[in-house]
Amino acid sequence: MYKYITVAKGIGIILVIMGHFTSSLYMPTYYTEMKTWIFSFHMPLFMLLAGFLFQLSISKKEENYSIKSFVYKKFRRLMIPYFFISFAIAGLNLVLGQFVTVKRTVDWHYLTEIFYTNVGGSAVFLWFMYSLFVIFIIAVLFSQLKHGFIWMGLCSLFLFFIPLPNVFYLSAVHSYLFYFWCGCCLFVLQKKQLLRLSLKELLCSAVVFALFYGTYHTMGHVGTLLTVEKLICGVAGSFLIICLSRKMLDSENRFTRWITIIGEYSAYIYLLHMIGVYLSRILFERIAIFTPAAYFLALCLAVVLGVLIPMGLTKQLIYRNKYLMLLMGGK
């Protein structure tokens, strides 16, 4: 019934890979602009989808379902792979640090910071796992309150404008809790058939996104006004991708099926996509043909490898080993 959510995940994870392919030696202007465009909504999209699925899951359960079991399930799904990949990257950096310069030296501070803040470097993308776990805890606690849905919306909107410290990834939680709540709203509105994800809604969201994206890039706004513009861009851009995903399913074809499969593997692709990104980046920098066309080809290669390598490892290795399945957050 909600297959378009999987399609949206597929589109979103491709945008993630594209945004992470960044060479320190050369970047054409078109990529810099494209990356800014991607970053304006691609992570809000994933938070919104998470909120949608959260609301879907609690709608299927009784009111007094166990918070303990919910937190345990999310810890196993998000935090175990977070720690596993974090320490795996630390081990890799420790080995490579003997031969090449790494972004962050692995020492005692590095290893302890993994538990409460972003260590940066090669592991910087893992912020999503930790912050989503914290957001899930906040959401399930609100769900136990009378009018908790409304209170979570008000709280998330308030926090969006209040900077929080980096500890326990609260700096990301304050930015993305509102998008998560918007995903909950989308589910409710869909269930009540107040939103149909029609072509008209797709076009409206495209116009709103283009208007506010253009405004905050050309008007030079700062402070609260800029924050509001970015918030609207994140919501409108996410809704645009979801509407597009819904329309793609109306004309089932091979491309849509590929995107759907990518969406089904999106969690594993997110955790392992940097393998393909780094291989493509190394190849591009070794060949050293620094032209816009060469960068485009390298970017395409990064997307292909960033998808196929994780899918191959998942099918041939992770799915066949119950311990790896556990470490990667699988069932």
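Residues numbered from 1 in each chain as written. Predicted model: local features only at pLDDT ≥ 70, side-chain atom pairs only at ≥ 80, totals over all residues. Heavy atoms only, no water.

### A short note on the overall build of the protein
Working step 1: Along the backbone of the protein there are 14 helices and 0 strands.
Working step 2: Starting at the N terminus and ending at the C terminus, the protein contains elements arranged as α-α-α-α-α-α-α-α-α-α-α-α-α-α.
Working step 3: At 20 Å, the protein has a C-alpha radius of gyration in line with the 20 Å of a compact globule built from 331 residues.
Working step 4: Along the three orthogonal principal directions, the C-alpha set of the protein runs to about 60 × 45 × 45 Å.
Working step 5: With 331 residues in all, the protein has 48% of them scored as buried.
Working step 6: Considering only contacts within the protein whose residues lie at least 6 apart along the sequence, 78% involve residues at least 24 apart.
Working step 7: Within the structure as shown, the protein displays about 17,200 Å² of accessible surface, and the carbon and sulfur contribution to it stands at 69%.
Working step 8: Charged side chains of the protein number 28 positive and 11 negative; the gap between the two group centres comes to 7 Å. (Helix = DSSP H or I, 4+ residues; strand = E, 2+ residues; numbered from the N terminus. Rg over C-alpha atoms; globule rule 2.2 N^0.38 Å. Buried < 20%, exposed > 50% of the residue type's maximum accessible area, 1.4 Å probe, protein only. Contact = heavy atoms within 4.5 Å. Areas by Shrake-Rupley, 256 points an atom, 1.4 Å probe, with all protein chains shown as cover. Lys, Arg positive; Asp, Glu negative; His and termini not counted. Charge placed at Lys NZ, Arg CZ, Asp CG, Glu CD.)

### Side note on the pattern of salt bridges
As a working rule, side chains carrying opposite charge can pair if their charged atoms are close by.
Working step 1: Taken as a whole and assessed by the stated rule, the structure comprises 2 salt bridges.
Working step 2: Of the charged contacts, one joins Asp250 and Arg246 as a salt bridge, the two residues approaching to 2.8 Å between their closest N and O atoms. Linking Asp250 with Arg246, this pair stays in helix H10 (residues 223–250), spanning 4 residues, or about one helical turn.
Working step 3: In this structure, Lys247 and Asp250 form a salt bridge, with 3.3 Å as the shortest nitrogen-oxygen distance. Taken as a pair, Lys247 and Asp250 lie in helix H10 at a separation of 3 residues, close to a single helical turn. (Salt bridge = Lys/Arg side-chain N within 4 Å of Asp/Glu carboxyl O.)

### Section: the packing of helix H3 (residues 42–59) against helix H8 (residues 170–191)
Working step 1: Where H3 contacts H8, the two axes come as close as 6 Å, and the packing angle between them is 50 degrees. With respect to their mutual orientation, H3 and H8 come out oblique. The handedness of the crossing between H3 and H8 comes out as right-handed. Across from Met43, Pro44, Met47, Leu48, Ala50, Gly51, Phe52, Phe54, Gln55, Leu56 and Ser59 in H3, the residues of H8 making contact are Tyr176, Tyr179, Phe180, Cys182, Gly183, Cys184, Leu186, Phe187, Val188, Gln190 and Lys191.
Working step 2: Here the residues of the contact of H3 with H8 are counted per class, giving 16 nonpolar, 5 polar and 1 charged. (Axes fitted to C-alpha atoms, helices over the stretch in contact; angles between N-to-C directions. Parallel < 35°, antiparallel > 145°, perpendicular 65-115°, else oblique. Left-handed = near helix turned anticlockwise from the far one by under 90°. Nonpolar A, V, L, I, M, F, W, Y, C, P; charged D, E, K, R; others polar.)

### Observations regarding the packing of aromatic side chains
Working step 1: On inspection of all chains with the given rule, the structure shows 40 aromatic pairs.
Working step 2: Consider the rings of Phe284 and Tyr295, whose centres lie 5.3 Å apart with planes at 85 degrees: the pair is edge-to-face. Highlighted residues: Phe284 in helix H12 (residues 266–287) and Tyr295 in helix H13 (residues 292–318), separated in sequence by 11 residues.
Working step 3: Through a chain of ring-to-ring contacts, the aromatic side chains of Phe46, Phe125, Trp127, Phe128, Phe149, Phe160, Phe161, Tyr176, Phe178, Tyr179, Trp181 and Tyr270 assemble into a single cluster. (Phe/Tyr/Trp six-rings, centres within 6.5 Å; stacked < 30°, edge-to-face > 60°.)

### Considerations on a nonpolar patch on the surface
Working step 1: Together, Phe87, Phe115, Tyr116, Val167 and Phe168 line one region of the surface with nonpolar side chains, adding up to about 430 Å² of accessible area.
Working step 2: Of note, Tyr116 is situated in the loop between helix H5 (108–113) and helix H6 (127–143).
Working step 3: With a relative accessible area of 34%, Tyr116 lands in the partly exposed category. (Patch = residues over 30% accessible without salt bridge, like charges linked within 9 Å, V, L, I, M, F, W, Y side chains within 5 Å.)

### Things to note about unusual backbone geometry
A negative phi angle characterises most non-glycine residues, just as the trans form characterises most peptide bonds.
Working step 1: Its identity as a non-glycine residue notwithstanding, Gln193 has a phi of 60 degrees, on the positive side.
Working step 2: By the element assignment, Gln193 lies in the loop between H8 and helix H9 (199–218).
Working step 3: Even without being a glycine, Ala288 presents a positive backbone phi close to 60 degrees.
Working step 4: You can see Ala288 is positioned in the loop between H12 and H13.
Working step 5: Taking relative accessible area as the criterion, Ala288 reaches 40% and is therefore assigned partly exposed.

### Some remarks on H8
Working step 1: For H8, spanning 22 residues, the distance from its first C-alpha to its last is 31 Å, which sits close to the expected 32 Å at 1.5 Å a residue.
Working step 2: Along its length, H8 shows its largest kink, about 40 degrees, at Tyr176.
Working step 3: Counting buried residues in H8 gives 16 out of 22 residues, a clear majority hidden from the surface.
Working step 4: Remark: Gln193 follows H8 within two positions and exhibits a positive phi of approximately 60 degrees. (Expected span 1.5 Å × (residues − 1). Bend = angle between axes of the 7 residues up to and from the residue.)

### Section: the packing of H8 against H10
Working step 1: Viewed as axis vectors pointing N to C, H8 and H10 meet at an angle of 40 degrees, and their least axial separation amounts to 11 Å. Between H8 and H10, the crossing angle belongs to the class labelled oblique. With respect to the hand of their crossing, H8 and H10 are arranged in right-handed fashion. Residues Phe178, Tyr179, Cys182 and Leu186 of H8 pack against Lys230, Leu231, Gly234, Val235, Phe239 and Ile242 of H10.
Working step 2: Residues of the contact of H8 with H10, tallied by class, amount to 8 nonpolar, 1 polar and 1 charged.

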